[in-house]
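So the chains spell out like this:
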Amino acid sequence: MSHPTCDGQPAADLCTCGTAAPSSLAVPPDPVRVTGDTPPDDPTALSVILLGTGAGPYPAPGRQGASTAVVVRDRTYLVDAGYGALRKYAQAGLRLSDLRAVFLTHLHSDHTADLFNLFLLGWGPANDGVNQPVHIAGPGPDHTEPDRPQPGTEGLLTHLLAGFGQDIAVRLRTSTRTPLADLVRAHDLVSPPPGRDVLVYEDDRVRVTAREVPHPPLHQSFGYRFETDEGVVAFSGDTAYSDSVGELAAGADLLVHETMEPDFYRGLGYSDRLLDFLTASHTAPGDVGRLATAAGARRVALSHIGPPDPREVGDDDWTRKVAATYAGPVVVGHDLTRLVPAP
Ligand SMILES: [Zn+2]
């Protein structure tokens, strides 16, 4: 079967395809308010809000690009900032003045498209905007092609600040804002040895460690583990089934794991070669359950869901496939779902 979005694209783009054969069901609306767990009695305690839960750079109805907020008291931390992240951040009622750090799992555009918008559009003391330094951690430069090295996280932000220099300079001249370059604290991560974690951030609310996960052909892709007084939350990032994620998520109160349904793409007529590529870089729902069981995770939330359009694979299907290999509670992620980890 022809799949227009993917025709003519290199194989590396197929995994991030965001559209499929039109469904006769109504176009799903984008959520605009937070649902899910009720807020903790202590409104300052740990909560996780799935801002965007879809896979792939191509916009799909019903789910925005990958991004999740970890909220601990009056501070907010983001994992990824795919398209729509800023809008969902605002709809979640979060304040950019509370944003302390952004952790990029990798530099695919479906995880970074809205990163600079947090600063470009959200800069300044007005409207509770960004007015304190924000730590941004992510992959370093890619030297796969020695003649054409590609920038890492630091380079990405340096180029963006320069590219938007005219707007930034004008706003600085006409206000009392802190220079934006002083608020953007980008940091390239160095890969830890295989099977080891690296501490990437720590303050009096959270301790964040990272571990490399397999997401070929990218040279670096990370999962993250947040340790707080109120619980532990692990993020798989984009990854094939990996013991690294299992170790990162060991005993976690909540594991937010990506997933991709190969049966759906097989149904679109993908070749075995392309299906092999998908499964080498993403995780089928049954394998998410298997990994969560091995890790002893207390709860699993699916996010970065492919296909992202809820009409293509329904919540019951996702849940059934994870539950076949995992006995704990499963949440099928939708944008603006609040999760309150319970240690
Ligand atoms: Zn992705």
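The structure under discussion appears in the preceding block.
Residues numbered from 1 in each chain as written. Predicted model: local features only at pLDDT ≥ 70, side-chain atom pairs only at ≥ 80, totals over all residues. Heavy atoms only, no water.

Things to note about the nonpolar core
Here comes step 1: Grouped together as the largest cluster of nonpolar side chains are 31 residues, with contacts concentrated most on Val102, Leu115, Leu118, Phe119, Ile136 and Leu180.
Here comes step 2: Breaking this core down by element, the ones donating at least two residues are strand 2 (47-52), strand 3 (67-72), helix 2 (85-91), strand 5 (99-103), helix 3 (115-120), strand 6 (134-139), helix 4 (153-163) and helix 6 (180-183).
Here comes step 3: The biggest single contributor to this core is helix 3, with five residues.
Here comes step 4: For leucine 115, the contacting residues outside a window of four places in its chain are Ala81, Val102, Leu104, Ile136, Leu156 and Leu157.
Here comes step 5: Counting residues in each nonpolar core, the second largest holds 30 residues, with Val232, Ala252, Leu268 and Leu278 among its members. (Core = buried A, V, L, I, M, F, W, Y, C linked by side-chain atoms within 4.5 Å. Buried < 20%, exposed > 50% of the residue type's maximum accessible area, 1.4 Å probe, protein only. Helix = DSSP H or I, 4+ residues; strand = E, 2+ residues; numbered from the N terminus. Contact = heavy atoms within 4.5 Å.)

Focus: the packing of helix 10 (residues 285-295) against helix 11 (residues 315-323)
Here comes step 1: Here helix 10 crosses helix 11 at 45 degrees, and the two axes come no closer than 7 Å. The orientation of helix 10 with respect to helix 11, classified from their angle, is oblique. Once helix 10 is placed against helix 11, the crossing between them reads as right-handed. In this structure, helix 10 contributes Pro285, Gly286 and Gly289 to the contact, and helix 11 contributes Trp318, Lys321 and Val322. (Axes fitted to C-alpha atoms, helices over the stretch in contact; angles between N-to-C directions. Parallel < 35°, antiparallel > 145°, perpendicular 65-115°, else oblique. Left-handed = near helix turned anticlockwise from the far one by under 90°.)

Some points on the sheet that holds strand 5
Here comes step 1: The strand order across the open sheet formed by eight strands is 1-15-2-3-4-5-6-7, and the pairing between neighbours is mixed. The open sheet terminates on both sides in strands that have one partner only, identified here as strand 1 (35-36) and strand 7 (184-189).
Here comes step 2: Across three bridges, the pairing between strand 2 and strand 15 (residues 337-339) is antiparallel. Opposite leucine 50, over in strand 15, you have threonine 337 as the bridge partner.
Here comes step 3: Each of strand 6 and strand 7 touches helix 4; the most contacted strand, strand 7, lies at about 150 degrees to it. (Pairing = 2+ DSSP bridges.)

Structural notes on the environment of proline 214
Here comes step 1: Examined against the element boundaries, proline 214 turns out to sit in the loop between strand 9 (207-212) and strand 10 (222-228).
Here comes step 2: Setting aside residues no more than four positions away along its own chain, proline 214 makes contact with Asp238, Thr239, Ala240, Ser242, Ala280 and Ser281.

Brief notes about the coordination of the zinc ion
Here comes step 1: Coordination sphere of the zinc ion, protein contribution only: Asp110 (OD), His111 (NE2), Asp238 (OD) and His304 (NE2), at 2.2 Å.
Here comes step 2: Seen from the zinc ion, its four donor atoms lie at angles of 89 to 175 degrees, and the figure they make is irregular.
Here comes step 3: Binding-site remark: the zinc ion is held by donors from one chain whose sequence spacing is D-H-x126-D-x65-H. One end of the pair, histidine 111, is in the loop between strand 5 and helix 3; the other, aspartate 238, is in the loop between strand 11 (231-235) and helix 7 (243-248), with 127 residues separating them in the sequence. In this structure, histidine 111 and aspartate 238 share a single accessibility class: buried. (Donors = N, O, S within 2.8 Å, 3.2 Å for Na, K, Ca; no water. Tetrahedral: all angles 85-135°; square planar, octahedral: opposite > 155°, others 65-115°.)

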